[in-house]
Amino acid sequence: MKKKYEPLFDHVQLRNKTELRNRFVLAPLTHVSSNADGTISDDEIKYMAQRSKDVGLAITAASHVTDLGKAFPGQPSVAHDSDIDGLKRLAKAMKENGAKAVVQIHHGGAQALPYLTPNGDAAAPSPVTLRSFDEEAEHHAREISQDEIEETIKAFGAATRRVIEAGFDGVEIHGANRYLIHQFVSPHFNHREDEWGKNRFKFPMRVVDEVVQTVKTHADDSFIVGYRFSPEEPQNPGIRMEITEELVKQLIEKPLDYLHVSLMDVHSKTRAGKYQGQERIALLHQWIDGRMPLIGIGSIFTADQALEAVESKNIDLLALGREILLDHTFVDKIQTGNEDEIVSVFDPDRADKHDLPPKLWEQFYKGFYPVPRTDQQDPRSSV
Ligand SMILES: Cc1cc2nc3c(=O)[nH]c(=O)nc-3n(C[C@H](O)[C@H](O)[C@H](O)COP(=O)(O)O)c2cc1C
């Protein structure tokens, strides 16, 4: 390895003292490749093992905690005890080479897909009509009832218990990307006049408490609990950095082991409000004040971009999304001094199809996600 890249391989301690062997994190990446019933597939095992091999921390695709929350075709399920056998195989494959493995626990809320949920249902903090994931037309999501809110909180706990039984090292609570937990925090989605609307942080904090309580009952202190959030929304009203500041201040008081910000560009700046123009990651660091590690992410495609992000932003942990899909040997190539051979462009003609599961490769092929590709101009500038 070239000496200059050594800082990327520093060990990092999570708040519960779990030691990660380097700063790289496999981002949670929906692969649409679990079996139709949400159990783990062979394609998924192979793909996840490849992408987990060299990172410090590996996070699974968003995995639904109830059937009503299912938001992707081929989404992994952590909603049933019958999922545990497959999850055991997945945990083993992800941990095999030394990464810590966590499951991202998720509920789609308004973005659940009625073509996949029982009775074509979808429920959200407030009624809303929207188009989600691969839908061609909009669907309606009704208001979730108070009883269902309580059941959903319990479901996050039950999912955590299954993840523990399957032998994973932790869970990441998916509070980002406009799914149910995010929707409760968001003034765009949450217009409720009851306690779940008056206090936009009540739902996320109750989920955190339920997960933490489950961990206390079923695991030991080494079990990791992380939380992912999106810091801003484009809508007005929408989540502003001021709301995220309050969210982070409340999360810091919980026994969480890391926070994870969902960004498309690690250097991105605040859009609006009191902090407009300031770098989001710098603000988050200011608020976290060294009390737990923050995972940063967004448009890292080369070794130098990774190094620059870690050094200029003091990033504790750096997650890789699209790049580790394009080249699952990214980390290994840096470690073995072969960073010049990193593949950072989607090539539809590659014989190995980037070692992606067929359904995910097809999504890339059809341009579902913005990635640099050999048959088009580089779209990174528009990300
Ligand atoms: C194919 C794909 C699937 C994704 N699935 C998830 C997911 O399951 N959970 C999640 O929190 N974010 C998901 N994301 C967002 C990524 O974790 C990440 O935040 C985003 O891709 C930006 O990082 P990058 O620039 O390194 O790709 C997904 C992104 C892509 C491209």
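Look a little higher up for the structure.
All of these numbers come straight from a predicted model, not from anything done at the bench.

The rules behind each value
Residues numbered from 1 in each chain as written. Predicted model: local features only at pLDDT ≥ 70, side-chain atom pairs only at ≥ 80, totals over all residues. Near = placed C-beta within 6 Å. Nonpolar A, V, L, I, M, F, W, Y, C, P; charged D, E, K, R; others polar. Helix = DSSP H or I, 4+ residues; strand = E, 2+ residues; numbered from the N terminus. Expected span 1.5 Å × (residues − 1). Buried ≥ 20, exposed ≤ 12 C-beta atoms within 10 Å, placed from the backbone. Arc of directions from axis to C-beta. Contact = placed C-beta atoms within 7 Å. Pairing = 2+ DSSP bridges.

Regarding the site of the ligand
Now for step 1: Around the ligand, the structure places 22 residues, and the nearest of them are Pro28, Thr30, Ala62, Gly321 and Arg322.
Now for step 2: Residues belonging to the shell around the ligand are distributed by class as follows: 11 nonpolar, eight polar and three charged.

A short note on helix α7 (residues 241-252)
Now for step 1: When the terminal C-alpha atoms of α7 are compared, their 16 Å separation across 12 residues agrees well with the 16 Å that a helix rising 1.5 Å per residue should span.
Now for step 2: Those residues of α7 not exposed but buried are Met241, Ile243, Thr244, Leu247, Val248 and Leu251. For α7, the arc enclosing every buried residue in end-on projection is 145°, short of the 170-degree limit, so these residues lie on one face.
Now for step 3: Summarising the contacts, the buried residues of α7 are in contact with α4 (180-185), β11 (224-229), β12 (258-261) and α8 (280-288).

Notes on the pairing of strand β10 (residues 170-175)
Now for step 1: β10 sits mainly inside the fold: six of its six residues count as buried.
Now for step 2: Side-chain alternation along β10 places Gly170, Glu172 and His174 on one buried face and Val171, Ile173 and Gly175 on a second face that is also buried.
Now for step 3: The pairing of strand β6 (residues 100-106) with β10 spans four bridges and is parallel. When the sheet's bridge partners are listed, valine 103 is paired in β10 with valine 171.
Now for step 4: Looking at chain direction, β10 and β11 are connected through six bridges and run parallel. Pairing of valine 171 across the sheet is with valine 225, part of β11.

Focus on unusual backbone geometry
A negative phi angle characterises most non-glycine residues, just as the trans form characterises most peptide bonds.
Now for step 1: Cis geometry marks the peptide bond from asparagine 236 to proline 237, where omega comes out at 0°.
Now for step 2: Looking at the element boundaries, proline 237 is found in the loop between β11 and α7.
Now for step 3: Located in the positive-phi region is asparagine 314, a residue other than glycine, with phi close to 50°.
Now for step 4: Along the chain, asparagine 314 falls in the loop between α9 (303-313) and β14 (317-320).
Now for step 5: Judged by C-beta crowding, with 13 C-beta atoms within 10 Å, asparagine 314 ranks as partly exposed.
Now for step 6: If you check the backbone angles, aspartate 355 has positive phi at about 55° while not being a glycine.

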